[in-house]
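Given next are the chains, with one letter for each unit.
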Amino acid sequence: MSAKYAIGVDYGTQSGRAVLVDLSNGHEIADHVTPYPHGVIDEQLPVSGIKLGHDWALQHPDDYLEVLRRSVPAVLAASGVAAEDVIGLGIDFTACTMLLVDASGTPLCFKDEWRDNPHGWVKLWKHHAAQDEADRLNAIAAERGEKFLPRYGGKISSEWMIAKVWQILNEAPEVYEATDLFTEATDWVISQLTGAFVRNSCTAGYKSIWHKQEGYPSRDFFKALDPRLEDLTSTKLRGDIKPLGTKAGELTAEMATLTGLVAGTAIAVGNVDAHAAVPAVGVVDEGKLVMAMGTSICHMLLGKEEVEVEGMCGVVEDGIIEGYMGYEAGQSAVGDIFEWFVEEAVPAYVKEAAEKEGVGVHQWLTERAAQYKPGETGLVALDWWNGNRSVLVDTNLTGVVVGYTLLTKPEEMYRTLLEATAFGTRTIIDAFHNNGVPVHEVYACGGLPQKNALLMQIYADVTNREIKVADSKQTPAVGAAMFGAVAAGAAKGGYDSVVDAAKAMARVREETFKPIPENVAVYERLYAEYRTLHDYFGRGANDVMKRLKALKEEASK
Ligand SMILES: Nc1ncnc2c1ncn2[C@@H]1O[C@H](COP(=O)(O)OP(=O)(O)O)[C@@H](O)[C@H]1O
Ligand SMILES: O=C(CO)[C@H](O)[C@H](O)COP(=O)(O)O
């Protein structure tokens, strides 16, 4: 049999990337990035210019097809691999990134009738405007003693499907009515590739409160939320739910023409970005925490038992790897905070100096921030620029920096933000480790470990743990390709399970980031300060962040 390949497509927050992978060893033969033409839509709708409210974040479904149109042919061409030898394709996506379709599978925002209604568009994972609905959902679920709540760390997030659906029903009942299916974007893209709609068990489990044995919450629960939602799961959330590692279908002739692949190529069921990354770093058993580090961080961990951990995003049976409980927690902004700083808060002299030196602003700041010792900035920050996903699960929390003086430099502020995100990760690792889901090893993948070595050293020092880094430019995409290979199966040159695929294809770098004892000691003290601020602002002692947010909303009416 000639060498066989698979393609993985990773749909991130700002761009989609395809990678063509050799199935014998996991080598990335070619990769290509397509920035989303419409990016993240968080201020106004395209064309009409209709203004969006606070905490809105939308996307354009055609951007996802653009990734297939551009990046898939590009990796085929760059690799020189024959389309016949690409035996499978898998995708991974941000989630819950929610798309509404009519009975023909057409996104509502593609239609003239709904184009000017913000609720007709894709709600990106970081759309946080359904917080009122999430709060009500959590209160009702707690009151009714719903069994599912502890599986989601005690709170369902406003980032997820049910809160987003309910927001649409409340604010645009006509859009709710016109929707035939609420889908995860990952499932919609798969339906475009195969011509048939199936849901995947991963997003259903983590983002739509679906359980392998129990299914969705009861009709009574949905009725208690809102009588109009009573039938939601059998109507607008209907659809077969297939486990990760199964085949969704085969590439249609039309999509074969568009992508350059062969009609009939095996297509895996959709997956989530962070979840796909886990086997791609070779993690297929317990005790190994994987951080998918980019715009946000997702922390992924496998366990044998179902344990309750405060503020985790969820525990789902087979949610990452078959046979294990998959645990997820996360930070809603990490790279996004650094980007905010670079875009919105850096003085002109820094931008000019970076340009003069021919380096990016991130690099300029990092080189200077690296010259400081832990503690030397005199600053500490809370990493809540986009709310707190774990362990507080509160999107209404905001950022804090303590310790500014007239002498504070931009690179000190940048370093403080890097450290703040490391403290957020430490809080999550400790929550798992101290509550029955032990963490023995830490792995990192995603864009950030490749972009910023100082950041990785700070994470090793703050967590006092050695960090292994994926030897891959596009780890989630490699994971998606593994699932594509499993969809094709061993008989066609792929694999029969993702564990087999990981054994042959996963790679981590030899060099690791090791904690430096003197840094660890200082960070222990700084982390204590972080925890004091964390609990003071985050656990109700002082709700100033929420009062400010309410004032801001009032003032901008
Ligand atoms: N040198 C750098 N140091 C730290 N963060 C960086 C650097 N360069 C870019 N970033 C951040 O990386 C993030 C993008 O991460 P990436 O993993 O590529 O994308 P995604 O989250 O879409 O998968 C952006 O938020 C950006 O601010
Ligand atoms: O919640 C998620 C996964 O469960 C999102 O997909 C994630 O936080 C966004 O990912 P990225 O930072 O890679 O764009």
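Residues numbered from 1 in each chain as written. Chains lettered and ligands numbered in written order. Predicted model: local features only at pLDDT ≥ 70, side-chain atom pairs only at ≥ 80, totals over all residues. Heavy atoms only, no water.

Per an unreviewed UniProt entry, the protein goes by Ribulokinase and derives from Cohnella ginsengisoli. Its UniProt record gives the protein the following Sequence similarities (unreviewed entry) comment, quoted word for word: "Belongs to the ribulokinase family." Of the comments in the UniProt record for the protein, the one headed Pathway (unreviewed entry) reads "Carbohydrate degradation; L-arabinose degradation via L-ribulose; D-xylulose 5-phosphate from L-arabinose (bacterial route): step 2/3." (UniProt positions renumbered as here; feature names shortened; annotations may be inferred.)

1. Regarding the environment of Gly8
Along the chain, Gly8 falls in strand 1 (residues 5-11). For Gly8, a relative accessible area of 0% translates into the label buried. Between the alpha carbons of Gly8 and Glu411 there is a distance of 37 Å; along the sequence they are 403 residues apart. Setting aside residues no more than four positions away along its own chain, Gly8 makes contact with Arg17, Ala18, Val19, Gly90, Ala477, Ala480 and Ala481. (Helix = DSSP H or I, 4+ residues; strand = E, 2+ residues; numbered from the N terminus. Buried < 20%, exposed > 50% of the residue type's maximum accessible area, 1.4 Å probe, protein only. Contact = heavy atoms within 4.5 Å.)

2. Some words on the domain arrangement of the protein
When cut into domains, the protein gives domain 1 (5-275 + 474-505) and domain 2 (283-469 + 516-557). Measuring from the centre of the C-alpha atoms in domain 1 to the corresponding centre in domain 2 gives 26 Å. Buried area between domain 1 and domain 2, summed over both chains or domains, comes out near 2900 Å², and the portion from carbon and sulfur atoms is 52%. Among the residues of domain 1 in contact with domain 2, His54, Arg151 and Tyr206 are the three that bury the most area, contributing 20% of the side total. With a closest N to O distance of 3.6 Å, Lys212 and Glu317 form a salt bridge. The interface formed by domain 1 and domain 2 contains 15 residue pairs in polar contact (both at pLDDT 80 or more). Of all elements in the fold, only helix 6 (201-207), helix 9 (273-280), helix 16 (475-488) and helix 17 (498-505) reach the threshold of two or more residues within the side of domain 1 that touches domain 2. A per-element tally of the side of domain 1 that touches domain 2 places helix 6 first, with four residues. (Domains from an automatic or database assignment. Buried area = accessible area lost by both parts, 1.4 Å probe. Salt bridge = Lys/Arg side-chain N within 4 Å of Asp/Glu carboxyl O. Polar contact = N/O pair within 3.5 Å; in protein donor to acceptor, adjacent residues only side chain to side chain.)

3. Quick look at a negative patch on the surface
Taken together, Asp132, Asp135, Glu171 and Glu553 make up a surface patch of like negative charges. With respect to the secondary-structure elements, Asp135 resides in helix 2 (residues 131-143). Taking relative accessible area as the criterion, Asp135 reaches 40% and is therefore assigned partly exposed. (Patch = residues over 30% accessible without salt bridge, like charges linked within 9 Å, V, L, I, M, F, W, Y side chains within 5 Å. Areas by Shrake-Rupley, 256 points an atom, 1.4 Å probe, with all protein chains shown as cover. Lys, Arg positive; Asp, Glu negative; His and termini not counted. Charge placed at Lys NZ, Arg CZ, Asp CG, Glu CD.)

4. Some words on the nonpolar core
Membership of the largest hydrophobic core comes to 65 residues, with the highest contact counts inside it found for Met291, Met293, Phe338, Leu365, Phe432, Tyr459 and Ile467. Ranked by the residues each element gives to this core, the list is headed by helix 13 (residues 410-433), at ten residues. In contact with Ile467, other than residues within four places in its own chain, are Met291, Val442, Tyr443, Ala444, Met456, Tyr459, Ala460, Thr512 and Phe513. Grouped together as the second largest cluster of nonpolar side chains are 45 residues, Cys202, Val281, Val283 and Met300 included. (Core = buried A, V, L, I, M, F, W, Y, C linked by side-chain atoms within 4.5 Å.)

5. Some details on the packing of helix 10 (residues 335-345) against helix 13
Here helix 10 crosses helix 13 at 165°, and the two axes come no closer than 10 Å. Looking at the two axes, helix 10 sits roughly antiparallel to helix 13. By crossing handedness, the relation of helix 10 to helix 13 is classed as right-handed. Residues Ile337, Phe338, Trp340, Phe341 and Val342 of helix 10 form the contact with helix 13, whose participating residues are Pro410, Met413, Tyr414, Leu417, Leu418 and Thr421. Grouping the constituent residues of the contact of helix 10 with helix 13 by class yields ten nonpolar, one polar and no charged. (Axes fitted to C-alpha atoms, helices over the stretch in contact; angles between N-to-C directions. Parallel < 35°, antiparallel > 145°, perpendicular 65-115°, else oblique. Left-handed = near helix turned anticlockwise from the far one by under 90°. Nonpolar A, V, L, I, M, F, W, Y, C, P; charged D, E, K, R; others polar.)

6. Focus: the site of ligand 2
As a matter of local geometry, ligand 2 sits amid 13 residues, with Thr13, Thr94, Lys207, Ser296 and Glu328 nearest to it. Ala95 is positioned with one of its backbone polar atoms (N or O) 3.0 Å from an oxygen atom of ligand 2. A distance of 2.7 Å separates an oxygen atom of ligand 2 from a polar atom in the side chain of Ser296. Here ligand 2 loses 92% of its free accessible area of 370 Å² to cover by the protein chains. The class makeup of the residues in the shell around ligand 2 is four nonpolar, five polar and four charged. Each of domain 1 (5-275 + 474-505) and domain 2 (283-469 + 516-557) gives at least three residues to the shell around ligand 2. (Near = heavy atom within 4 Å.)

7. As for the packing of aromatic side chains
Taken as a whole and assessed by the stated rule, the structure comprises 19 aromatic pairs. Judged by centre distance (5.8 Å) and plane angle (75°), the rings of Tyr36 and Tyr64 are edge-to-face. Of this pair, Tyr36 sits in the loop between strand 3 (28-35) and strand 4 (58-59) while Tyr64 is found in helix 1 (residues 61-79), placing the two residues 28 residues apart along the sequence. Judged on exposure class, the residue Tyr36 and its partner Tyr64 are both buried. An aromatic cluster is defined as three or more aromatic residues linked by ring pairs; in this entry it consists of Phe338, Trp340, Phe341, Trp385 and Tyr414. (Phe/Tyr/Trp six-rings, centres within 6.5 Å; stacked < 30°, edge-to-face > 60°.)

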